[in-house]
Amino acid sequence: KGNVIFVGLFLSKVINSPTSSTLTCRGGNVVLQGCTLTSSSGCSILCAVESIDCNVTCSDCQFVNGGNGQLALVAKDGAVATLDSCQLVGSTLYATSGGLIHIDATQLVESVNDSIIVDCDGVVKARNSKVIGSLQNGITVTKRGMLTMYKCHVIRSQKIGLLCAGSCSTIHVTESIIREGWSNGVHIFDGAQAEFEQCGVLINKGTGCLARGAGVTLRLVDTMVSSNVHDGLVVEDGASVDMWSMLSDIGEGAMLRQNGWCGMRVRGKSTSAKCSQATVKCNGLHGLIAEDGAIVTARLLQVDTNTGTGILAMHATTVINLYSCTSTGNRVGLASTQGLIRANHCRVVRNMCNVLEEESGRVQVDIPIGAHRATSEVLPRIEVSRSRNARPTRPATPLKKSGERGTRRRSDASSDAPMSPGVISGSSLPPIASSPVEL
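All figures in this text were calculated on a predicted structure; none of them were measured in a lab.

## A short note on the overall build of the protein chain
Part 1 of the reasoning: In terms of regular secondary structure, the protein chain is built from 0 helices and 47 strands.
Part 2 of the reasoning: Counting over 439 residues, the protein chain shows a buried share of 51%.
Part 3 of the reasoning: In the protein chain, once contacts between residues fewer than 6 apart in sequence are set aside, the share between residues at least 24 apart is 54%.
Part 4 of the reasoning: As displayed, the protein chain has an accessible area near 19400 Å², and 51% of this comes from carbon and sulfur atoms.

Structure representation (structure tokens):
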């Protein structure tokens, strides 16, 4: 129950019991300064912090657990543990049953299991720390667990970088990076809540961020999802996502870019996405695709130079609402296959085809595309035959009549009103792919 201080302590033990621990604290204040706790085998716990009136502080310590199911430190039953400038090798931090762990300037390296586990009302607060090379997930939050991260890095996890599941599980991540994982960077499901602010989800071999299931809410504020092998952001099966930028420069805020497949994919009934002042650019397939009855609302969205379609609506009951958005430099600017796109005050220019409607798909332009910019480069209307092999032809320029002056008369069609956007209806272009083709 009193105060205990250990300085330069070295504890090494071979423990085969799954419930045993090298050091157990059940009350009072314990300080470990420059200590080393190691275990070579078994399922031991190096340090167990128990009881609501127990507080353990570890500074400049090292935890090395070479057994199976390695646990470096466990905080439970309301106990509080603090790790400052520590190193954990092959070991896991575990907060459960109301336990609280503070992590500052600490490295967790090559954990055999998840590097950090939070569940059953446990709480972990991390800052200026790194999780490197976990052989399972980098961080797992389940069963009403809560995680906050500030200026942290999760690098090269063998599975998911950050996983959060459970109806009351929450994570809040600020100015942190999740990168180079072997699967998805972030996976939110089963009713969990997650928020990322000024973060980066980069170079993962799966999807950058995946939100799946009813009740799931994901917020991305000034966050970049870039260079992932699959889609940048996927929202499906009733989840909802809000993505926006609080910065004045649209090119520096929320961004989905250079992902191997689509920048954002929203699919499934009751699935929704809202985007404001974000950029979707240079993705390997489509910029934004909504399918299977999803609903997307976007304001001041900039969709540029995607290999496929900038904005695509597929399947009946799918709706995309666009307000003051831009789609430029894509193969197709706006495309609808059975879905509906409503575009208001939007600018769709310099695409190979500005607007494409297939089957029963519709693109409704409330205010003519490009009308708010007199200098917009808008393609003229192209009439296309229903035949697949027919070539689109532009309307011929009327010839001058005999006796007419050198200056051609201005017709009603060439008034000061902006030109109509390029619209192709039918199937003259190859069908739009909803997923990449594996070669």
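## Regarding the packing of aromatic side chains
Geometry of an aromatic ring pair is reported as the spacing of the ring centres plus the angle between the planes.
Part 1 of the reasoning: Counted by the stated rule, this structure contains 0 aromatic pairs.
Part 2 of the reasoning: Positioned above the aromatic ring of Trp182, the side-chain terminus of Lys205 is 4.9 Å from the ring centre.
Part 3 of the reasoning: If you follow Arg299 out to its NZ or CZ, it ends over the ring of Tyr323, 4.9 Å from the centre.

## A word on unusual backbone geometry
Part 1 of the reasoning: Positive phi values are uncommon outside glycine, yet Ser97 reaches one of about 50°.
Part 2 of the reasoning: Within the element layout of this structure, Ser97 appears in the loop between β12 (93-95) and β13 (100-104).
Part 3 of the reasoning: Residue class for Ser97 comes out partly exposed when judged on its relative accessible area of 38%.

## Quick notes on the nonpolar core
Part 1 of the reasoning: One finds Phe63, Leu73, Ile101, Phe196 and Leu233 to be the most contacted residues of the largest nonpolar core, which totals 88 residues.
Part 2 of the reasoning: Ignoring any residue separated from it by four or fewer positions in sequence, one finds Ile101 in contact with Leu73, Ala75, Ala81, Leu83, Leu93, Tyr94, Ala95, Val123, Val124 and Lys125.
Part 3 of the reasoning: Judged by nonpolar contacts, the second largest core, of 9 residues, contains Leu285, Leu312, Cys353 and Leu356.

## What about the pairing of strand β27 (residues 209-212)?
Part 1 of the reasoning: Note: strand β24 (residues 186-189) against β27, 4 bridges, orientation parallel. Bridging from a neighbouring strand, Phe189 pairs with Arg212 of β27.
Part 2 of the reasoning: Both β27 and strand β30 (residues 233-236) contribute to a ladder of 4 bridges, which runs parallel. The partner of Arg212 across the bridge, within β30, is Glu236.

## Focus: the environment of Ile139
Part 1 of the reasoning: Note that Ile139 resides in strand β18 (residues 139-141).
Part 2 of the reasoning: Classification of Ile139 as buried rests on a relative accessible area of 1%.
Part 3 of the reasoning: For Ile139, the contacting residues outside a window of four places in its chain are Ile116, Val131, Leu147, Met149, Val154, Gly161, Leu162 and Leu163.

## What about the environment of Leu202?
Part 1 of the reasoning: The residue Leu202 is located in strand β26 (residues 200-202) in this model.
Part 2 of the reasoning: Ignoring any residue separated from it by four or fewer positions in sequence, one finds Leu202 in contact with Ile177, Ile178, Arg179, Glu180, Met224, Ser226 and Asn228.

## Re the side chain of Asn137
Part 1 of the reasoning: Within the secondary structure, Asn137 is located in the loop between β17 (130-132) and β18.
Part 2 of the reasoning: Here Thr140 takes part through its side chain, which lies 3.3 Å from a polar atom of the side chain of Asn137.
Part 3 of the reasoning: Leave out the neighbours within four places in its chain, and Asn137 touches Asn113, Asp114, Ser115, Ser157, Lys159, Ile160 and Leu163.

## Examining the pattern of salt bridges
Part 1 of the reasoning: Inspection of the entire model under this criterion finds 10 salt bridges.
Part 2 of the reasoning: In this structure, Lys151 engages Glu175 in a salt bridge whose closest nitrogen and oxygen atoms are separated by 4.0 Å. With Lys151 in the loop between β19 (146-150) and β20 (153-155) and Glu175 in the loop between β22 (170-174) and β23 (177-179), this pair connects stretches of sequence that are 24 residues apart.
Part 3 of the reasoning: Take Glu175: its relative accessible area is 32%, and that puts it in the partly exposed class.
Part 4 of the reasoning: For Arg156, the salt bridge is made with Glu180, and the minimal N-O distance between the two is 3.8 Å.

## Details of the pairing of strand β39 (residues 309-314)
Part 1 of the reasoning: By the criterion of burial, β39 is predominantly enclosed, with 6 of the 6 residues buried.
Part 2 of the reasoning: Taken together, the 4 bridges between strand β36 (residues 288-291) and β39 define a ladder with parallel strand orientation. In the strand pairing of β39, Leu288 is matched with Ile311.
Part 3 of the reasoning: Across 4 bridges, β39 lies against strand β42 (residues 332-337) in parallel orientation. Each residue of the ladder has a partner; that of Thr309, found in β42, is Val332.

Procedures and definitions
Residues numbered from 1 in each chain as written. Predicted model: local features only at pLDDT ≥ 70, side-chain atom pairs only at ≥ 80, totals over all residues. Heavy atoms only, no water. Helix = DSSP H or I, 4+ residues; strand = E, 2+ residues; numbered from the N terminus. Buried < 20%, exposed > 50% of the residue type's maximum accessible area, 1.4 Å probe, protein only. Contact = heavy atoms within 4.5 Å. Areas by Shrake-Rupley, 256 points an atom, 1.4 Å probe, with all protein chains shown as cover. Phe/Tyr/Trp six-rings, centres within 6.5 Å; stacked < 30°, edge-to-face > 60°. Lys NZ or Arg CZ within 6 Å of the ring centre and 35° of its normal. Core = buried A, V, L, I, M, F, W, Y, C linked by side-chain atoms within 4.5 Å. Pairing = 2+ DSSP bridges. Polar contact = N/O pair within 3.5 Å; in protein donor to acceptor, adjacent residues only side chain to side chain. Salt bridge = Lys/Arg side-chain N within 4 Å of Asp/Glu carboxyl O.

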